[in-house]
Amino acid sequence: MFPNPSDAAFNIDTKIITPDLIEQAARCVREGGLVVFPTETVYGLGANALDSRAAKRIYAAKGRPSDNPLICHMSSPDRAEIYCETNELYYRLARRFMPGPLTVILPKKNDKNGVPVIPDSVTGGLATAAVRVPSNAVARELIERAGVPVAAPSANISGRPSPTALRHVIEDMYGRADMIIDGGESEIGLESTVITIDRNTIKILRPGAVTPEDLRGVCGSVTVDPAVCEKFDGVPLSPGMKYRHYAPRARVIMLEGEDEAVYGFLADKQDCGILCYDTDTPLLDRPGTMSMGKKEDHATQARRLFACLRDLDGVEVIYTRMPSRDGLGLAVYNRLIKAAGYEVISL
Ligand code: TXA
Ligand code: MG
């Protein structure tokens, strides 16, 4: 029924979408299969969000703990109405940021037998579901044609950096998914902003390309969950925050300090990886050094971060500079501090 793993990679030019291939992928989702597809943030590993067995296959393919809920991707914001309790603030956010890199947690609805329409196995046993309407053309067409919400975590082995290019997907998912759709390099490179809403308050559980400042343009009260920046020992609002995340195999250590102090610290370090800024590369010029972009260019840092972490891997330690937490910088900082398991050296 599905192509076997040896022909699992399909090339699709996102500008010339091949309807036949999308239809094949949509059928695969409807029939309980797993499809890796591009989104504007990172690649997703998609399955029918109404099918418990398909959801279980996602957890198995990723090696993901079953209490970490999946995001349900929909073709338009009002589709959420069928599965969840929506409200006025949700629609205000949807008008401004959907389709796009925003995920909203909403209470799940029950069917007439009192059973949640989105199964508990998809939402890690929670009474809420995460709703996202991606903007990527291939993703939208796939979800529309599948005719069901598509549960899709990032298409990486659990704990590894999310995939932002076909080569990453192949590294992690080859032979584990029924189909892989190549959509080129991800436009944003970091996962969506995940928020909860409570009347007129927004809480950011995971920062992304929709920044706190963007959200404040729609709603006066926006807070950032402390688990975004700090180690957290209690029960986190977003179960995903518990686990070491976004990490290469190497130990990652963040360096906090002025340029000169960082250069001094790195001067005698050998055989390590270094993740730095454009302006650092002439001074740190040696193998194993990669730039994530200009110091203030958070969009480029976001786009390159996960690819750099994968490309630098193979050493024992990767030292990284500490991005500022302004705007999209907060998301870059969040992924790096998690990859580092909160290991920071202050210089
Ligand atoms: O950009 C993205 O969001 C990508 C693409 C593929 O859409 N998807 C993605 O999914 O990053 P995943 O599963 O890797 O991350 C989902 C995050 C996890 O941290 C999870 O704990 C949280 O969202 N989450 C999902 N449902 C939740 C819920 N009901 N309550 C709280 N957190 C939830
Ligand atoms: Mg993920």
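Just so it is clear, the model here is predicted, and its values are computed rather than measured.

> I keep staring at the packing of aromatic side chains and nothing clicks. Help me out?
Any two aromatic rings considered together are summarised by their centre-to-centre distance and by the angle between their planes. On inspection of all chains with the given rule, the structure shows three aromatic pairs. Judged by centre distance (5.4 Å) and plane angle (80°), the ring pair of Phe265 and Tyr319 falls under edge-to-face. In this pair, Phe265 is assigned in helix α8 (residues 259–266) and Tyr319 in strand β15 (residues 317–321), connecting sequence segments 54 residues apart. Between the NZ or CZ atom of Lys269 and the centre of the ring of Phe265, over which it lies, the distance is 4.2 Å. The ring of Tyr246 carries the charged tip of Arg335 above its face, separated from the ring centre by 5.4 Å.

> How should the packing of helix α6 (residues 166–173) against helix α9 (residues 298–312) be read in this particular structure?
When two helices pack together, you describe them by how their axes are tilted relative to each other and by the distance separating the axes. In contact at an axis separation of 11 Å, α6 and α9 are set at 55° when each is read in the N-to-C sense. With respect to α9, the axis of α6 lies oblique. Here the hand of the crossing between α6 and α9 comes out left-handed. On α9, the residues that touch Arg167, His168, Glu171 and Asp172 of α6 are Ala307, Arg310 and Asp311. Residues belonging to the contact of α6 with α9 are distributed by class as follows: one nonpolar, one polar and five charged.

> Sorry if this is basic, but what is going on with unusual backbone geometry here?
What is expected of a backbone is that most residues other than glycine have negative phi and most peptide bonds are trans. Put simply, Met98 and Pro99 share a cis peptide bond, and its omega is -5°. Among the secondary structure elements, Pro99 is positioned in the loop between α4 (88–97) and β5 (102–107). Of note in this structure, Arg199 is not a glycine but carries a positive phi near 50°. Along the polypeptide, Arg199 turns up in the loop between β9 (193–198) and β10 (201–206). You will see that Tyr342, though not glycine, has its phi angle at about 70°, which is positive. Tracing the chain through its elements places Tyr342 in the loop between α10 (329–339) and β16 (344–346).

> What am I meant to see in the domain arrangement of the protein chain here?
Interface size is often expressed as the accessible area that is lost when the parts come together. Entries for the protein chain in the domain assignment read domain 1 (5–182) and domain 2 (251–346). Just the C-alpha atoms count here: the centres of domain 1 and domain 2 sit 31 Å apart. Each partner contributes to the interface: domain 1 provides 10 residues, whereas domain 2 provides six residues. Interface area, domain 1 with domain 2, both sides summed: about 660 Å², of which 50% is carbon and sulfur. Of all residues in domain 1, Pro161, Thr164 and His168 give up the largest surface area on contact with domain 2, accounting jointly for 56% of the area buried on that side. At the boundary of domain 1 and domain 2, one finds four salt bridges. Linking domain 1 with domain 2 are three residue pairs in polar contact (both at pLDDT 80 or more), by the criterion used here.

> How do you make sense of the nonpolar core when you look at a structure like this?
Nonpolar side chains in soluble globular proteins tend to end up buried together. Counting 47 residues, the largest nonpolar core has Val36, Leu45, Leu93, Ile195, Ile197, Ile202 and Leu215 as its most contacted members. Membership of the second largest hydrophobic core comes to 27 residues, among which are Leu190, Phe306, Ile318 and Met322.

> Would you take a moment to explain the site of ligand 1 for this structure?
Inspection of the region around ligand 1 gives 25 residues, with Thr41, Asn68, His73, Arg132 and Ser192 positioned closest. Between ligand 1 and Thr128 there is a distance of 3.0 Å, counted from a nitrogen atom to a side-chain nitrogen or oxygen. Expressed as a share of its isolated accessible area of 680 Å², the protein-covered part of ligand 1 is 96%. Broken down by secondary-structure element, the contributors of at least two residues to the shell around ligand 1 are β4 (71–73) and β6 (128–132).

> I would appreciate a short explanation of helix α5 (residues 137–146) in the present structure.
For an α-helix the count is 3.6 residues per turn, leaving residues at separations of three or four pointing the same way. Residues of α5 that are buried: Val138, Ala139, Leu142, Ile143 and Ala146. Angular distribution of buried residues about the axis of α5 spans 125°; they occupy a single face of the element. Structurally, α5 contributes buried residues whose contacts are with α1 (19–30), β2 (35–37), β4, β7 (150–151) and β8 (179–182). The backbone nitrogen of Val138 lies 2.9 Å from a side-chain oxygen of the residue at the head of α5, namely Asn136. Backbone geometry just downstream of α5 places Gly147 in the positive-phi region, at approximately 75°.

> Explanation requested: the pairing of strand β12 (residues 251–256) in the structure shown.
Relative to β15, β12 runs parallel, the two being bridged by five bridges. What sits directly across from Ile253, in β15, is Tyr319. Pairing of β12 with β16, which is carried by three bridges, proceeds in the parallel orientation. Paired with Leu255 across the strands is Ile345, a residue of β16.

Each value, and the rule that gives it
Note on numbering: residues in each chain are counted from 1, in written sequence order. Whichever chain is written first is A, and whichever ligand is written first is 1; the rest continue in order. With the structure being a predicted model, the display of local features is reserved for residues of pLDDT at least 70 and the display and counting of side-chain atom pairs for 80 or more, all residues being used for whole-chain, interface and lining totals. Side-chain figures throughout are based on the complete set of non-hydrogen atoms in the structure, without hydrogens or water. Two rings belonging to Phe, Tyr or Trp (six-membered ring only in the last case) form a pair when the distance between their centres is within 6.5 Å. Interplanar angles under 30 degrees mark stacking, angles over 60 mark edge-to-face geometry, and anything in between is tilted. Numbering of helices and strands runs from the N terminus, with a helix taken as a DSSP run of H or I at least four residues long and a strand as a DSSP run of E at least two residues long. When the NZ atom of lysine or the CZ atom of arginine is within 6 Å of a ring's centre and also within 35 degrees of its normal, the charge is said to sit over that ring. Axes here refer to lines fitted to C-alpha atoms; in helices the fit is confined to the stretch in contact. Angles between the N-to-C directions go from 0 to 180 degrees. Put simply, angles under 35 degrees are roughly parallel, angles over 145 are roughly antiparallel, angles from 65 to 115 are roughly perpendicular, and the rest are oblique. Note on convention: near helix rotated counterclockwise from far helix by under a right angle means a left-handed crossing. Clockwise means right-handed. It only takes one pair of heavy atoms within 4.5 Å for two residues to be counted as in contact. Gly counts as polar in this scheme, as do all residues outside two lists: the nonpolar Ala, Val, Leu, Ile, Met, Phe, Trp, Tyr, Cys and Pro, and the charged Asp, Glu, Lys and Arg. For every domain, the bounds stem from an assignment made automatically or drawn from a database. Buried area is a sum: the accessible area each of two parts loses on coming together, probed at 1.4 Å, counted once for each and added. We define a salt bridge as a side-chain nitrogen of Lys or Arg found within 4 Å of a carboxyl oxygen belonging to Asp or Glu. Contacts described as polar in this section are N or O atom pairs within 3.5 Å, which, within protein, must combine one atom able to donate a hydrogen with one able to accept it, while residues neighboring in sequence count only if both atoms come from side chains. Put simply, buried Ala, Val, Leu, Ile, Met, Phe, Trp, Tyr and Cys residues joined by side-chain atoms within 4.5 Å make one nonpolar core. Summary of the burial criterion: residues with accessible area below 20% of their type's maximum are buried, those above 50% are exposed, and those between are partly exposed, where the area comes from a 1.4 Å probe applied to protein chains only. Any residue with a heavy atom positioned within 4 Å of a molecule or strand is treated as near that molecule or strand. For accessible areas, the Shrake-Rupley method is used with a probe of radius 1.4 Å. Any residue's cover is judged against the shown protein chains and nothing else. Taken from the helix axis, the directions to the C-beta atoms give the arc we talk about. A pair of strands is considered paired only if DSSP assigns at least 2 bridges between the two.

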